[in-house]
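# Remarks on the overall topology
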Amino acid sequence: MDTSKKGSKYSVILPTYNERENLPIIVTLILEMAEKNKLDFEIVIVEDNSPDGTLQVAKELQRINPGKINILERAGKLGLGSAYVDGIKKCSGDFVIIMDADFSHHPKYIPQFIERQKQTNADIVSGTRYLPGGGVFGWNFERKLVSRCANFIAASIVGQGTSDLTGSFRLYKREVIARIIPEIASRGYAFQMEIVIRAAKYGYKIEEVPIVFVDRIFGESKLGSDEVVIYLKGIWSIIWKF
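Described in the following lines is the structure provided in the data block.

Scoring rules and cut-offs
Residues numbered from 1 in each chain as written. Predicted model: local features only at pLDDT ≥ 70, side-chain atom pairs only at ≥ 80, totals over all residues. Heavy atoms only, no water. Pairing = 2+ DSSP bridges. Helix = DSSP H or I, 4+ residues; strand = E, 2+ residues; numbered from the N terminus. Axes fitted to C-alpha atoms, helices over the stretch in contact; angles between N-to-C directions. Contact = heavy atoms within 4.5 Å. Salt bridge = Lys/Arg side-chain N within 4 Å of Asp/Glu carboxyl O. Buried < 20%, exposed > 50% of the residue type's maximum accessible area, 1.4 Å probe, protein only. Phe/Tyr/Trp six-rings, centres within 6.5 Å; stacked < 30°, edge-to-face > 60°. Lys NZ or Arg CZ within 6 Å of the ring centre and 35° of its normal.

The strand order β3-β2-β1-β4-β7-β5-β8 describes an open sheet built from 7 strands, whose pairing is mixed. Edge positions in the open sheet fall to β3 (69-73) and β8 (206-210), since each of these has one partner strand only. The average undirected angle you get between the axes of adjacent strands in this sheet is 20°. Bridge count between strand β5 (residues 124-128) and strand β7 (residues 170-173): 3 bridges; the pairing is antiparallel. Across the sheet, S126 pairs through a bridge with R170, a residue of β7. Set on the sheet, helix α1 (residues 23-36) makes contact with β1 (9-16), β2 (40-47) and β3; between it and β2 the angle comes to about 165°. Against the sheet, helix α2 (residues 54-64) contacts β1, β2 and β3, and its axis sits at roughly 155° relative to β3.

Written out as structure tokens, the structure is:
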């Protein structure tokens, strides 16, 4: 499918921390997808001083793919929210795509995001695990239950119509995410939820595309008890704001 649109450029932000094994594969898949679909594309890697040598791998990928990869080196693990804020400053695209570098988000869905945006002129296109055609792979029952409950609680409290408030695989018009993201106060997974809530507050149009979320193949999951606590605190903070 040719999803090219004259004059449109797409920037993918990949925040990385200890993704040495995953990064070469995900970058290759993104670049192959872009070439196949004739997209004007760039990748922005936001590297948080990984101790496993991710930065060296990123620099080698940049060397063998000239003009396609930008690298932002940061002093340490500063969090996903700030990675997005800093990464947007390095983007030159008209649209910004945010995704994980660990294969949780497959690049094969990006053309569907772009096509949906073109069809609807959406300001945001979000991948969802919770519509027909979507799902998760590699999670145990407990983690599936936690995710479902988190989305149900969030949707019940904040009253948004999107089905996957905590998902992070999204396409944004650059001016939309640039306007919203400096206002976000939440941390961790609540960060994604607050983006959608603020987008709805501003009247931005949000569309969804079903995706299958796959648990990471290499490395360790960064979801721990601390992130769950931060998420719950984030929900209550958002309640008071909105």
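Let's shift gears to the pattern of salt bridges. Applying the stated criterion across every chain, the model contains 10 salt bridges. K9 serves as the salt-bridge partner of E42, at 3.8 Å between the closest nitrogen and oxygen. Of this pair, E42 sits in strand β2 while K9 sits in strand β1, placing them 33 residues apart in sequence. Judged by relative accessible area, K9 falls into the partly exposed class, the value being 21%.

It is worth spelling out the packing of aromatic side chains at this point. Applying the stated criterion across every chain yields a total of 5 aromatic pairs. Between the aromatic rings of Y10 and F95, the centroid separation amounts to 5.2 Å while the plane-to-plane angle is 15°, which identifies the pairing as stacked. Residue Y10 is located in strand β1, and its partner F95 is located in strand β4 (residues 95-98); the two are separated by 85 residues in the primary sequence. Residue Y10 is classed as buried on the basis of its relative accessible area of 2%. By relative accessible area, F95 is classed as buried at 6%. Three or more aromatic residues joined by ring pairs make a cluster, and in this case those are Y10, F41 and F95. For the cation-ring pair, R129 lies above F213, with the distance from its terminal atom to the ring centre recorded as 5.6 Å. In this structure, R179 is placed above the aromatic ring of Y202, and the distance from its NZ or CZ to the ring centre is 3.7 Å.

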